[in-house]
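Overview (structure and organization)
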Amino acid sequence: MEKKLFAILAAGCLMLSAANPAFALTLGGFRDKYIPNDTMFSNQWALRNTGQLVRLSRGVNDVDMDVPEAWQYIDENIGDANRAYVIVAVLDSGVNYNHTDLRESILKDEDGNIKGYDFVNDDDDPADDNGHGTMMAGIIAAKRGNLRGISGINSYAKIMPVKILDKNGVGNIENLKKGIRYAADNGAEVISMSLVGNYEESVGEAIDYAYSKGIILVCASGSDDINLDGNTKKTPINNEKPGQNSILGVSAISNKGNRYGKSNYGKSIDISAPGESVISTYNRTNLSYVYASGTSLAAANVSGVASLVKSCFPEATNKEVISAIINSAKDISTLEDGMGAGVADAFNAIEFMANDMMPENPADETPSDETPADKNPSNDNDENSSNSPFEPEEYKLMRLNNDLTVFFIQDGVKRGIPRMEVFDAWGFSFSDVDVVDTLEEIEVFESGKLLGFPEGWVVKGSDLTVFEIQDGDIARPFTNPDAFIAHGHKWEDIMQVTDFEILNSYEIGNPIAE
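Given the structure is predicted, the values throughout are model-derived calculations rather than measurements.

It is the contact of helix α2 (residues 132–141) with helix α5 (residues 295–312), at a shortest axis distance of 8 Å, that shows an interaxial angle of 35°. In this structure, the crossing between α2 and α5 has a hand that is right-handed. The segment α2 lies against α5, with His132, Met136, Ile139 and Ile140 engaging Ser296, Leu297, Ala300, Asn301, Ser303, Gly304 and Ser307. The residue inventory of the contact of α2 with α5, partitioned by class, reads 5 nonpolar, 6 polar and no charged.

Right, here's the structure in full:
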């Protein structure tokens, strides 16, 4: 029996060249600390559009999803203690789970194994051999604030890779149905589908099954520049019943607020989202990023927003989350008919939900800097126990109230910790950080270099030079790949850092040639 095919929606992708770190983005009326330090964030107009130039196209201010505003609202009104991790199943071509911006966001079991499945090859390794799925995962859950790459919409999302598309981006109806049911039976709370093609009623049965289990389903409308009215076989978003909106259908907009030229449209569209010149992670290497356009990207953006809302309101039903996203959509005057209720807006959706479902004990204005490990399905570390090689009496950790910058203090010298990975690499625990009320309590210590990675770690800056850290403060460059391998390192272990970190954390030592 011939299998019916469906295809992914991604437009042609352009590999991104190295970008300069954006350390100081100052936006009037907005608190700077919610603008992450990720080096490519300024290109993420979908999250925050200030009219910046992206791939030769100047955007229109506020044609975006107000994601940093949502982060601020969450910190100040909900707090981490009231949030939960959300499992997002990405039904696509797989995911590059070793990508440096994604590996901490992948769902794993207690033994560290990837929780997902490859229905194309019928095995438990949902690796991405196309790139499309890795792009979708990055939009949803790339690590925020790690001084590299991009920021995902929801740092509390855990990606369940479900591979149903092959290396050419093509799959079949049977694997689509299997993928939906697998996700529904394995704890997914959001199912993201950036795909279209030859829809049939049996797919609707799988969608109904997932919806009945409380799952939020999101699907792209397609990039064929057609009106979907009457095209009932084109996409799963037509799976509607009277009184039940079981799947969010998504169209794509440009950074100027118009319909992306190839986006489909029609009465079956629920919501629009950014889908033109969207930057995300890619599978070519563990450090790759690309721009792409299409309703695939728009659907991933809505999936990210849905998971963000769900993480803040774990008890909310799928119907309530879908309703909040639709009813709080941003009204953009340039958006034409057939594009749904408007543009998905993370801030609006969370505030909409909060009016009815705010937890009884909301957080105070001090954002929590602790990760709720007990709610993290892939983290079985004890946050309250330190594994640092330092003896407790040898050092102290301090931060100022209302400021998440942590200082390492030893022998009367304070050293800023530039990123979370450095904090974790040294085995520090948040329970050991002293929170003080005045800057003077920290300023009494002499300033030293930034604290870098421990001995044995390998890092690289904006060029191709790779360094091995020795004696804590010395970075020795490798002169050739053979020397790198001879020292027992793997390419996926290289930490991408900024040139600022290298210059301000380490003394450059003698080259390593063998």
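The backbone of leucine 56 sits at a positive phi, close to 70°, despite the residue not being glycine. With a relative accessible area of 83%, leucine 56 lands in the exposed category. Even without glycine at this site, aspartate 66 takes up a positive phi of about 50°. In this structure, aspartate 66 sits in the loop between β4 (57–58) and α1 (67–78). Overall, the relative accessible area of 9% leaves aspartate 66 in the buried class.

Here the focus is the packing of aromatic side chains. Scanning the model with the defined rule gives 11 aromatic pairs in all. Plain terms: the ring middles of tyrosine 73 and phenylalanine 347 are 5.7 Å apart, the flat faces sit at 90° to each other, and that makes the pair edge-to-face. Of this pair, tyrosine 73 sits in helix α1 while phenylalanine 347 sits in helix α7 (residues 346–357), and the two are 274 residues apart along the sequence. Classification of phenylalanine 347 by relative accessible area gives partly exposed; the value is 23%. Ring centres 5.5 Å apart and planes at 25° place the aromatic pair tyrosine 395 and phenylalanine 408 in the stacked group. Taken together, the residues span a long stretch of sequence, with tyrosine 395 in the loop between α7 and β16 (396–400) and phenylalanine 408 in strand β17 (residues 406–410) at a distance of 13 residues. With relative accessibility at 2%, the residue phenylalanine 408 sits in the buried group. One aromatic cluster is present, built from ring pairs that chain together Tyr395, Phe408, Phe423 and Phe428. We note arginine 83 situated over the ring of tyrosine 156; from NZ or CZ to the ring centre the distance is 3.9 Å. Over the ring of tryptophan 71 we find arginine 144; its NZ or CZ atom is 3.9 Å from the centre of that ring.

On to the packing of helix α3 (residues 173–185) against helix α4 (residues 201–212), then. Where α3 contacts α4, the two axes come as close as 9 Å, and the packing angle between them is 10°. As the angle between them shows, α3 and α4 are arranged roughly parallel. When α3 is examined against α4, the residues Ile173, Leu176, Lys177, Ile180, Arg181, Ala184 and Asp185 are found in contact with a partner set consisting of Ser202, Val203, Glu205, Ala206, Ile207, Tyr209 and Ala210. Residues belonging to the contact of α3 with α4 are distributed by class as follows: 9 nonpolar, 1 polar and 4 charged.

Let us look at the nonpolar core. By size, the foremost hydrophobic cluster in this structure holds 97 residues, and its most contacted members are Leu91, Ile180, Ile191, Met193 and Ile350. The biggest single contributor to this core is α5, with 10 residues. Not counting the four nearest positions on each side in its chain, isoleucine 180 is found in contact with Leu91, Ile191, Met193, Val203, Ala206, Ile207 and Ala210. Counting residues in hydrophobic clusters, the runner-up holds 21 residues, among them Phe430, Phe453, Met495 and Val497.

This part covers the sheet that holds strand β5 (residues 86–92). Reading across the sheet, the 7 strands line up as β6-β7-β5-β9-β11-β12-β13 and stay open at both edges, with parallel pairing between neighbours. For this open sheet the edge positions go to β6 (117–118) and β13 (271–274), each flanked by a neighbour on one side alone. Packed on one face of the sheet, α3 meets β5, β6, β7 (157–163) and β9 (190–193) and runs near 170° to β5.

A word on the pattern of salt bridges. Per the counting criterion, the structure on display carries 12 salt bridges. One salt bridge connects lysine 143 with glutamate 104, and the closest N-O pair in it is separated by 3.3 Å. One end of the pair, lysine 143, is in the loop between α2 and β7; the other, glutamate 104, is in the loop between β5 and β6, with 39 residues separating them in the sequence. The class of lysine 143 is buried, set by a relative accessible area of 18%. On the accessibility criterion, glutamate 104 (42% relative accessible area) is partly exposed. A salt bridge links lysine 213 to aspartate 185; the nearest nitrogen and oxygen atoms lie 3.2 Å apart. Taken as a pair, lysine 213 in the loop between α4 and β11 (216–220) and aspartate 185 in helix α3 lie far apart in primary sequence, 28 residues in all. Taking relative accessible area as the criterion, lysine 213 reaches 42% and is therefore assigned partly exposed.

So, about the side chain of aspartate 128. As for its placement among the helices and strands, aspartate 128 is situated in the loop between β6 and α2. Here aspartate 128 is buried and forms no salt bridge, its nearest opposite-charge partner lysine 163 lying at an N-O distance of 5.2 Å. Here the side chain of aspartate 128 touches serine 93 through a polar contact of 2.9 Å, side chain to side chain.

So, how was this worked out
Throughout, residues of each chain are indexed from 1 in the direction in which the sequence is written. Given that this is a predicted model, residues contribute local features only at a pLDDT of at least 70 and side-chain atom pairs are listed and counted only at 80 or more, while totals for whole chains, interfaces and linings are drawn from all residues. Hydrogen atoms and water are omitted, and side-chain values are computed over all heavy atoms in the structure. Axis lines are fitted to C-alpha atoms, over the contacting stretch for helices. Their N-to-C directions set the angle, which ranges from 0 to 180 degrees. In this description a helix means any DSSP run of H or I spanning at least four residues, a strand means any run of E spanning at least two, and both kinds are numbered starting from the N terminus. Crossings are sorted by hand: turned counterclockwise from the far helix by less than a right angle, the near helix makes the crossing left-handed, and turned clockwise it makes it right-handed. In what follows, residue pairs with any heavy atoms lying within 4.5 Å of each other are defined as contacts. When residues are sorted by character, Ala, Val, Leu, Ile, Met, Phe, Trp, Tyr, Cys and Pro go into the nonpolar class, Asp, Glu, Lys and Arg into the charged class, and all the rest, Gly among them, into the polar class. A 1.4 Å probe rolled over the protein chains alone gives each residue an accessible area, and that area as a share of the maximum for its type sets the label: buried under 20%, exposed over 50%, partly exposed in between. Planes of paired rings set the category: under 30 degrees apart is stacked, over 60 is edge-to-face and the rest tilted, where pairs are Phe, Tyr or Trp rings (Trp by its six-membered ring) whose centres lie within 6.5 Å. Any Lys NZ or Arg CZ found within 6 Å of a ring centre and within 35 degrees of that ring's normal is scored as a charge over the ring. To sort the angles, those under 35 degrees are grouped as roughly parallel, those over 145 as roughly antiparallel, those from 65 to 115 as roughly perpendicular, and the leftovers as oblique. The criterion is simple. A nonpolar core is a set of buried Ala, Val, Leu, Ile, Met, Phe, Trp, Tyr and Cys residues joined through side-chain atoms within 4.5 Å. Strand pairing is assigned whenever DSSP detects at least two bridges linking the two strands. Every case where a carboxyl oxygen of Asp or Glu lies within 4 Å of a side-chain nitrogen of Lys or Arg is listed as a salt bridge. The charge count treats Lys and Arg as positive and Asp and Glu as negative. His and the chain ends do not count. Polar contact is the term for a pair of N or O atoms within 3.5 Å; when the atoms are in protein, one must be able to donate a hydrogen and the other to accept it, and sequence-neighboring residues count only if both atoms are side-chain atoms.

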